[in-house]
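# Summary of structural features
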Amino acid sequence: MSAKRVALFPGSFDPMTNGHLDLAQRAAAIFDRVVIAVAHNPAKTSLFTPEERVALIEGALAGTRGVTAMHFSGLVVDCARSVGAQVMVRGLRAVSDFEFEFQMALMNRRLSPDLEVAFLMPSQEYTYLNSTLVKEVARHGGRIRGLVPLNVERALRQRFRTSGRSAR
Ligand code: ADP
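In this text the structure is predicted, and so the values were computed from the model without any measurement.

### As for the layout of surface pockets
If you add up the space inside the largest pocket, you get close to 1100 Å³. Lining the largest pocket are 44 residues, with Pro 10, Gly 11, Ser 12, Lys 44 and Arg 90 sitting closest to its centre. Looking at the lining of the largest pocket, the elements with two or more residues in it are strand S1 (6-11), helix H1 (18-30), helix H2 (50-61), strand S4 (87-91), helix H4 (95-111) and helix H5 (131-139). In terms of residue count, H4 provides more of the lining of the largest pocket than any other element does, eight residues in total. Partitioning the lining of the largest pocket into residue classes produces 19 nonpolar, 17 polar and eight charged.

### Overview of the site of the ligand
As a matter of local geometry, the ligand sits amid 16 residues, with Ser 12, Phe 13, Gly 91, Tyr 126 and Leu 129 nearest to it. Contact between the ligand and His 20: an oxygen atom at 3.1 Å from a side-chain N or O atom of the residue. A majority-of-atoms criterion places the ligand in the largest pocket. Of all the secondary structure elements, the ones that give two or more residues to the shell around the ligand are S1, H1 and S4. In the shell around the ligand, the residues fall into seven nonpolar, five polar and four charged.

### Brief notes about H4
Between its first and last C-alpha atoms H4 spans 25 Å; for 17 residues at 1.5 Å apiece the expected length is 24 Å, and the two agree. The sharpest bend along H4 measures roughly 25 degrees and falls at Glu 101. The secondary structure elements touched by the buried residues of H4 are helix H3 (76-83), S4 and strand S5 (116-120).

### Some thoughts on a nonpolar patch on the surface
On the surface, Val 95, Phe 98, Phe 102 and Leu 106 cluster together into a nonpolar patch covering about 420 Å² of accessible area. Within the secondary structure, Phe 98 is located in helix H4.

### Here we look at the packing of aromatic side chains
Overall, the coordinates contain two aromatic pairs when judged by the stated rule. Their ring planes at 90 degrees and their centres at 5.1 Å tell us that Phe 9 and Phe 13 sit as a pair that is edge-to-face. An identical accessibility class is assigned to Phe 9 and Phe 13; each is buried. Centre to centre, the rings of Phe 98 and Phe 102 are 5.1 Å apart; their planes meet at 20 degrees, and the pair counts as stacked. A residue pair is termed a helical-turn pair when its members lie 3 or 4 positions apart in one helix, as Phe 98 and Phe 102 do in helix H4 at four residues. Overall, Phe 98 belongs to the partly exposed group, its relative accessible area being 44%.

### Digging into the pairing of S1
Burial analysis of S1 places six of its six residues in the buried class, the great majority of the element. Neither face of S1 is left uncovered, since the one carrying Val 6, Leu 8 and Pro 10 and the one carrying Ala 7, Phe 9 and Gly 11 both have all their residues buried. Both S1 and strand S2 (residues 33-39) contribute to a ladder of six bridges, which runs parallel. Following the sheet pairing, Ala 7 is matched in S2 by Val 34. A crossover links S1 with its parallel partner S2, the connecting element being H1, and its sense is right-handed. Here S1 pairs with S4 via two bridges, running parallel.

Conventions and cut-offs
Residues numbered from 1 in each chain as written. Predicted model: local features only at pLDDT ≥ 70, side-chain atom pairs only at ≥ 80, totals over all residues. Heavy atoms only, no water. 1 Å grid on protein atoms, 1.4 Å probe; cavity = no way out; pocket = protein on both sides within 12 Å on 5 of 7 lines; lining within 4 Å. Points joined across faces, edges and corners; volume = space filled by probe spheres on them. Helix = DSSP H or I, 4+ residues; strand = E, 2+ residues; numbered from the N terminus. Nonpolar A, V, L, I, M, F, W, Y, C, P; charged D, E, K, R; others polar. Near = heavy atom within 4 Å. Polar contact = N/O pair within 3.5 Å; in protein donor to acceptor, adjacent residues only side chain to side chain. Sits in = over half its atoms within 2 Å of the grid points. Expected span 1.5 Å × (residues − 1). Bend = angle between axes of the 7 residues up to and from the residue. Contact = heavy atoms within 4.5 Å. Patch = residues over 30% accessible without salt bridge, like charges linked within 9 Å, V, L, I, M, F, W, Y side chains within 5 Å. Areas by Shrake-Rupley, 256 points an atom, 1.4 Å probe, with all protein chains shown as cover. Salt bridge = Lys/Arg side-chain N within 4 Å of Asp/Glu carboxyl O. Phe/Tyr/Trp six-rings, centres within 6.5 Å; stacked < 30°, edge-to-face > 60°. Buried < 20%, exposed > 50% of the residue type's maximum accessible area, 1.4 Å probe, protein only. Pairing = 2+ DSSP bridges. Right-handed = clockwise from strand over helix to strand, strands pointing away.

Encoded structure:
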């Protein structure tokens, strides 16, 4: 029997968007197990705590087989090793992602030569989407329906105390 293929999908996920979800589902179709790993970086300010971000991912993923979520601090290569991942999944939305992702991939390869990186592309409708943009729209009460899972939409509305009725 061949060994199970485990992929780590690391990131900030502050909060998870439909772009992240699209990527996680694509990864789940390729690998036996996908672990979404929420990076806890005290140097970065975030809207949601790592625990909240994991809970939002779990809520959004309900029913997606083989995908789990956790949070970690420290090196992503150490996190990959701890969950037995042979592959790290990252998203490429546009050429602008490439340079940063390339740097990160080469540094991670230096740190952990056996860990491969697989870049996946989301559906076209999510290529412009990122968490920062969604937070800005939500902060000002704009419509975010269809950009994030429903539980994330609710959490953003609560955090900003907005109805989301404007800019329809
Ligand atoms: P980071 O701070 O590590 O970039 P993010 O939460 O922004 O974390 O993203 C995590 C991963 O998800 C990255 O590989 C990023 O390219 C990917 N990603 C983010 N948004 C999208 C999207 N809309 N479509 C596809 N991949 C995405």
